[in-house]
Amino acid sequence: MAQFFIHRPIFAWVIALVIMLAGILTLTKMPVAQYPTIAPPTVTISATYPGASAETVENTVTQIIEQQMNGLDGLRYISSNSAGNGQASINLNFEQGIDPDIAQVQVQNKLQSATALLPEDVQRQGVRVTKSGASFMQVVAFYSPDGSLSASDIKDYVNSNISEPLSRVAGVGEVTVFGGSYAMRIWLDPAKLTSFNLTPSDVAAAIRSQNAQVAVGQLGGAPAVQGQILNATVNAQSMLQTPEQFRNIFLKNTADGAQVRLSDVARVELGSDNYQFDSKFNGNPAGGVAIKLATGANALDTAAAVEKRLSELRNNYPSGLKDKLAYDTTPFIKLSIESVVHTLI
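From a predicted model like this one, the values you see are computed outputs, not experimental measurements. (Residues numbered from 1 in each chain as written. Predicted model: local features only at pLDDT ≥ 70, side-chain atom pairs only at ≥ 80, totals over all residues. Heavy atoms only, no water.)

Regarding the packing of helix α10 (residues 299–313) against helix α11 (residues 330–344)
Two quantities define a packed helix pair, namely the angle between the axes and the distance from one axis to the other.
1) Next: Running from amino to carboxyl end, α10 crosses α11 at an angle of 140°, the nearest separation of the two axes being 10 Å. For the element pair α10 / α11, the angle class is oblique. Here α10 runs over α11; the crossing is left-handed. In contact with Ala299, Leu300 and Ala303 of α10, α11 contributes Thr330, Ile333, Lys334 and Ile337.
2) Next: Residue composition of the contact of α10 with α11, by class: 5 nonpolar, 1 polar and 1 charged. (Axes fitted to C-alpha atoms, helices over the stretch in contact; angles between N-to-C directions. Helix = DSSP H or I, 4+ residues; strand = E, 2+ residues; numbered from the N terminus. Parallel < 35°, antiparallel > 145°, perpendicular 65-115°, else oblique. Left-handed = near helix turned anticlockwise from the far one by under 90°. Contact = heavy atoms within 4.5 Å. Nonpolar A, V, L, I, M, F, W, Y, C, P; charged D, E, K, R; others polar.)

Topic: the packing of aromatic side chains
Two numbers describe a pair of aromatic rings. These are the distance of the centres and the angle of the planes.
1) Next: In total, this model carries 5 aromatic pairs according to the counting rule given.
2) Next: Between Phe136 and Phe178, the aromatic rings sit 6.3 Å apart at their centres with planes inclined by 70°, giving edge-to-face as the arrangement. Taken together, the residues Phe136 in strand β5 (residues 136–143) and Phe178 in strand β6 (residues 172–178) connect sequence positions 42 residues apart.
3) Next: By relative accessible area, which is 17% here, Phe178 ends up buried.
4) Next: Here the aromatic rings of Tyr157 and Tyr317 are separated by 6.2 Å at their centres, their planes lie at 90°, and the arrangement is edge-to-face. Placement of Tyr157 in helix α6 (residues 151–167) and of Tyr317 in the loop between α10 and β15 (322–328) is noted, with a sequence separation of 160 residues between them. Neither residue differs from the other here; Tyr157 and Tyr317 are each classed as buried.
5) Next: Cluster of aromatic residues (ring-pair linked, three or more members): Phe142, Tyr157 and Tyr317. (Phe/Tyr/Trp six-rings, centres within 6.5 Å; stacked < 30°, edge-to-face > 60°. Buried < 20%, exposed > 50% of the residue type's maximum accessible area, 1.4 Å probe, protein only.)

Some words on the pattern of salt bridges
Here the idea is simple: oppositely charged side chains can pair when their charged atoms come close.
1) Next: Under the criterion given, the structure shown has 9 salt bridges.
2) Next: Between Arg128 and Glu174 there is a salt bridge, and its shortest N-O distance comes to 3.8 Å. Of this pair, Arg128 sits in strand β4 (residues 128–131) while Glu174 sits in strand β6, and the two are 46 residues apart along the sequence.
3) Next: Overall, Arg128 belongs to the partly exposed group, its relative accessible area being 44%.
4) Next: Glu174 gets classed as buried once you look at its relative accessible area, which sits at 12%.
5) Next: One salt bridge in this structure joins Glu312 and Arg309, with 2.9 Å as the shortest N-O distance. Placement of the pair is Glu312 and Arg309 together in helix α10, with a separation of 3 residues, close to one helical turn.
6) Next: Three or more residues are tied together by salt bridges with common partners; here these are Glu120, Asp121 and Arg124. (Salt bridge = Lys/Arg side-chain N within 4 Å of Asp/Glu carboxyl O.)

Points about α6
1) Next: Along its length, α6 shows its largest kink, about 40°, at Asn159.
2) Next: For α6, the complete set of buried residues consists of Ile154, Lys155, Asp156, Tyr157, Val158, Asn159, Ile162, Ser163, Pro165 and Leu166.
3) Next: The elements touched by buried residues of α6 are β5, β6, β7 (182–188), β14 (284–293) and α10. (Bend = angle between axes of the 7 residues up to and from the residue.)

Regarding α10
1) Next: The end-to-end C-alpha distance of α10 is 21 Å, a good match for the 21 Å that 15 residues give at a rise of 1.5 Å each.
2) Next: The set of residues buried in α10 consists of Ala299, Thr302, Ala303, Val306, Leu310 and Leu313. Angularly, the buried residues of α10 cover 100° about the axis, an arc narrow enough to put them on a single face. Among the exposed residues of α10, those pointing more than 90 degrees away from its buried face are Asp301 and Lys308.
3) Next: In this fold, the buried residues of α10 make contact with β5, α6, β6, β14, β15 and α11. (Expected span 1.5 Å × (residues − 1). Arc of directions from axis to C-beta.)

Overview of the nonpolar core
1) Next: Judged by nonpolar contacts, the single largest core of 26 residues is most densely connected at Phe142, Ile162, Leu166, Val289, Ile291, Leu310 and Tyr317.
2) Next: Contributions of two or more residues to this core are made by β5, α6, β6, β14 and α10.
3) Next: Contacts of Val289, omitting those with residues within four sequence positions, involve Gln138, Val139, Val140, Phe142, Val158, Ile162, Leu166, Val175, Thr176, Val177 and Phe178.
4) Next: One finds Val43, Ile64, Leu72 and Val122 within the second-largest nonpolar core, a separate group that totals 22 residues. (Core = buried A, V, L, I, M, F, W, Y, C linked by side-chain atoms within 4.5 Å.)

Some points on the sheet that holds strand β1 (residues 42–48)
1) Next: Spatially, 4 strands are ordered β2-β3-β1-β4 in an open sheet, and the strand pairing comes out antiparallel. Looking at strand neighbours, the two that pair on one side only are β2 (75–82) and β4, the edges of this open sheet. Shown here is a sheet whose adjacent strand axes are inclined to one another by a mean of 20°, direction ignored.
2) Next: In this sheet, strand β3 (residues 87–94) lies alongside β2 in antiparallel orientation, the contact comprising 7 bridges. Its bridge partner lying in β3, Ser79 is registered against Asn91.
3) Next: Most of the contacts of helix α4 (residues 100–115) go to β4, to which it runs at about 165°, and overall it touches β1, β3 and β4. (Pairing = 2+ DSSP bridges.)

Structure representation (structure tokens):
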């Protein structure tokens, strides 16, 4: 073979040039990420069972979902974690070469049969199915340098106005928010509940029944009588909005005819629905957004798209809110690509 190319140098040069051109064209199409996709595709199922212990989550959520995941194409093994804060995480690892999009669709189809068997509180919270890298690409910190916004204000704004737009950016696999939205916190007093012969389930049932949007119907709807000119929708009850409205929720009547309301057995205040994270940035109360790269996406293009989306969102920030990259892996990726280019040259 060596003698063949030695006697035909022009042919050898042509082959070498073709290989070089093919390599240059391929280089521009290669995915760019902090780490190569050596690990097999992984799909993660996340669920929340508020107030449940790790054993309860394992028996009523994790095992139920795992039992329905049999028969998936290319599934290697399942690993799961049930935490004491009510969080359940099931990781499904597939064979190398399996399309992550197809794997995610199959997992979602299998999950449909398991959803009906999950506790009502879990179904109300929702079960998420995501496919993304294992590590964070970026972490964006949102903070108030002048202290005009509290940690709850920042985290609620991030959940309501930042997380969803960022999750729709091309190349973003998953967005994790460090903090929760505003929620009505009801702190029950066990002694007062006992004195009125009430249980937490009684209070929960009263809140569900009285904090509901009820549509009664319409006035003048079809089929209407001749000459009817008014058509109006009637709402008999709306969702409660303020702590005072929640305090007035009726629980029961006592033996002497007195009314027991929620304020008699609990402290009601507006707080956060999640106290698992206490995030700060340079000592200031803050909220954080962690961004994971989608499988096969270009990290540099994704980072640029995230920055572009943030620049658009900054126009609507409330007064006193700032954002800054607290963690970023793209500089390492840029330096790595630069080293590859130097080596090729």
